[in-house]
Structures are given as C-alpha cells and as structure tokens.
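Now for the letters of each chain:
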Amino acid sequence: MSLFCCPICRAPLERGERSYTCPNGHSYDRAREGYVHLLPANQKHARDPGDDKEMAAARSRFLSADYYAPLRKALCALALEHAGAGAAVLDAGCGEGYYTAGLFGALAVAGRESRLAGVDLSKPSVRLAAKRLPHGEFAVASVYRLPVGRRQIDLLLNMPEETRQSKTPAKYIQKLMYNLDYDQMKKLCDPSTGYYNEPEMEQPKKLLAGLERRRPGQMFHELTMKDLNGKDVKL
C-alpha cells in the first residue's frame, strides 16, 4: 500500500510496478523514474507549475555541493527524536530530494526502517528526487492539497519557506557565487528572502549588479575586464 491517496476520491492508492490505482478505478501511471503525477488539472495554476528544468538542476547542483549540510544534519537529528521504527515520513515540498535522502540515510543508519514519500509542485524536481532516492515514493502534487490520507503520516517535513526566510544561506552564497551564472545569482539575490540584508550578501549583490551590465547567462569566471594598465584580467 502506498502512503499516497487518490487526489480525486481520497481513497488509498495501491502502488504497482507501472501505476498507482485506487479501489474506485482511478489510475495514475508511474514515470520511468518511478514518480507519479497526482496533481489534477483543476489544481494547476499554470501550465507547468513550480521550478522548471533549469532551475531544478541549478538547485540540485547547489545542494549537492553540501553547502547546506549543517542544516540537513540538524534536521536529521531533530527528525530522529520524533520518528520511531517504521515511521511514515512525508517531505512536503521535497524539491530535488536533498533533505529527503539525507533523512532516509539517517534513519537507516539509526536502524529504523521507514516509509518515506515526497511531494512537490515541480515535475523536474520530483524527477530528480526519484532518481536520488529510488527507495522512496514521490509525486507531483500540491502541498496545499496533500495526496495523503488522515492519520497516514507520522512525521511531516516542510522546509522550503522557512529556509528561504532564514539568515543562514547568506554565507553559503558568498562562498559559491563564483561558480554561479546570472540566472542563479539573480534568484539567490532575491530581496524577498530573509538573508538579503545580511552583511555576507553585500559582495554577491555587487557581483550580480556587475553581471546585469553584461550578457545574462555568461559564467562569472569567464568574464574579463581591463585593469588600470589596459590589460585583460579575469574576474
């Protein structure tokens, strides 16, 4: 039996090799990577909601460099305090599965077998999550209408907005900025984030301003400028 329920009738879903099915005859095909699409058309507010393929890949590269490893470690420690053996865990807004996979690994090391699932609005992100953690089950779905039954989940993770509004990411962006392109820098230097006015963001903001005067998409380490002697210098 799956941790997910049918998004139409809310009946439990059976997880098969090629599809998810409910007792009322609703069926949802599994993608090649193993995830399932549980976002009805009337719940979509855009043709392709959530992060697109490029944005998902950029975030995956960023997180895979383990700049958020301390945050993931703290999250796993907290989860271990609340998740017992056989716990059903749902990552609501799982993205590309960085935290989901970390938690699965922490539970496994602690000797606690668990059932773990993740949902996200972005299909490219869910695809990456399913690849990262084949043992879990993932679905394209809205966190505002989670496709899970009542009393089905023991532990719920909900990280994205809290992390976005914290001050922590500023120092990691400062370290990583030389390897980011224009679009990635622009997204990370969003004034609506909780870390935007942190002192560590001054240099990234200056670099973004310089990039905005140049060709968008050009890698920062490929840019050059003239020094006082007219010699080309790589930035």
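You'll find the structure just up there.
Owing to the predicted nature of the structure, the values given are computational and were not obtained by experimental measurement.

Enquirer: Can you tell me about unusual backbone geometry, naming the residues and giving the values?
Expert: Unusually for a residue other than glycine, Arg 10 sits at a positive phi of about 70°. Among the secondary structure elements, Arg 10 is positioned in the segment before strand E1 (14-15). Using a relative accessible area of 42% as the deciding quantity, one classes Arg 10 as partly exposed.

Enquirer: Which residues make up the sheet that holds E1, and what values do they have?
Expert: The strand order across the open sheet built from three strands is E1-E2-E3, with neighbouring strands paired in antiparallel fashion. On the outer flanks of this sheet lie E1 and strand E3 (27-29), each paired with one strand and no other. Pairing geometry for strand E2 (residues 19-21) and E3, over three bridges, is antiparallel. For Ser 19, the partnering residue across the bridge sits in E3 and is Asp 29.

Enquirer: How would you sum up the pattern of salt bridges? Please name residues and give values.
Expert: By the definition in use, this model includes seven salt bridges. Two residues, Glu 33 and Arg 127, come together in a salt bridge whose shortest N-O distance is 3.7 Å. Of this pair, Glu 33 sits in the loop between E3 and strand E4 (36-37) while Arg 127 sits in helix H4 (residues 123-132); the two residues are 94 residues apart in sequence, bridging distant segments of the chain. Judged by its relative accessible area of 26%, Arg 127 is partly exposed. Sharing partners across several salt bridges, the network here consists of Asp 51, Arg 59, Glu 96 and Arg 132.

Enquirer: I'd like to hear about the sheet that holds strand E6 (residues 115-120), residue by residue, with values.
Expert: If you trace the five strands from one edge of the open sheet to the other, you get E4-E7-E6-E5-E8, paired in parallel fashion. Both outer strands of the open sheet, E4 and strand E8 (155-157), are each paired with one neighbouring strand and no more. Two elements, strand E5 (residues 88-92) and E8, share three bridges in a ladder whose sense is parallel. Its bridge partner being in E8, Val 89 is matched across the sheet by Leu 155. This element, H4, spans E4, E6 and strand E7 (137-140) of the sheet and lies at about 175° to E7.

Enquirer: An account of the pairing of E6 is needed here, citing residue identities and associated values.
Expert: Looking along a regular strand, one sees the side chains alternate between the two faces of the sheet. Most of E6 sits inside the fold, with five of its six residues counted as buried. Pairing analysis gives five bridges linking E5 to E6, with the strands arranged parallel. Considered in E6, the bridge of Asp 91 is made with Gly 118. What joins E5 to E6 is helix H3 (residues 98-109), and the crossover it makes is right-handed. Note: E6 against E7, four bridges, orientation parallel.

Enquirer: An account of the environment of Glu 96 is needed here, citing residue identities and associated values.
Expert: With respect to the helices, strands and loops of the structure, Glu 96 is situated in the loop between E5 and H3. On the basis of relative accessibility, which here comes to 2%, the residue Glu 96 falls in the buried class. Considering only alpha carbons, one finds Glu 96 and Leu 133, 37 residues apart in sequence, at a separation of 9.7 Å. Contacts of Glu 96, omitting those with residues within four sequence positions, involve Arg 59, Ser 60, Leu 63, Ser 125, Leu 128, Ala 129 and Arg 132. Within the structure, Glu 96 has its side chain in polar contact with the backbone nitrogen of Tyr 98 (distance 2.9 Å).

Calculation criteria
Residues numbered from 1 in each chain as written. Predicted model: local features only at pLDDT ≥ 70, side-chain atom pairs only at ≥ 80, totals over all residues. Heavy atoms only, no water. Helix = DSSP H or I, 4+ residues; strand = E, 2+ residues; numbered from the N terminus. Buried < 20%, exposed > 50% of the residue type's maximum accessible area, 1.4 Å probe, protein only. Pairing = 2+ DSSP bridges. Salt bridge = Lys/Arg side-chain N within 4 Å of Asp/Glu carboxyl O. Contact = heavy atoms within 4.5 Å. Axes fitted to C-alpha atoms, helices over the stretch in contact; angles between N-to-C directions. Right-handed = clockwise from strand over helix to strand, strands pointing away. Polar contact = N/O pair within 3.5 Å; in protein donor to acceptor, adjacent residues only side chain to side chain.

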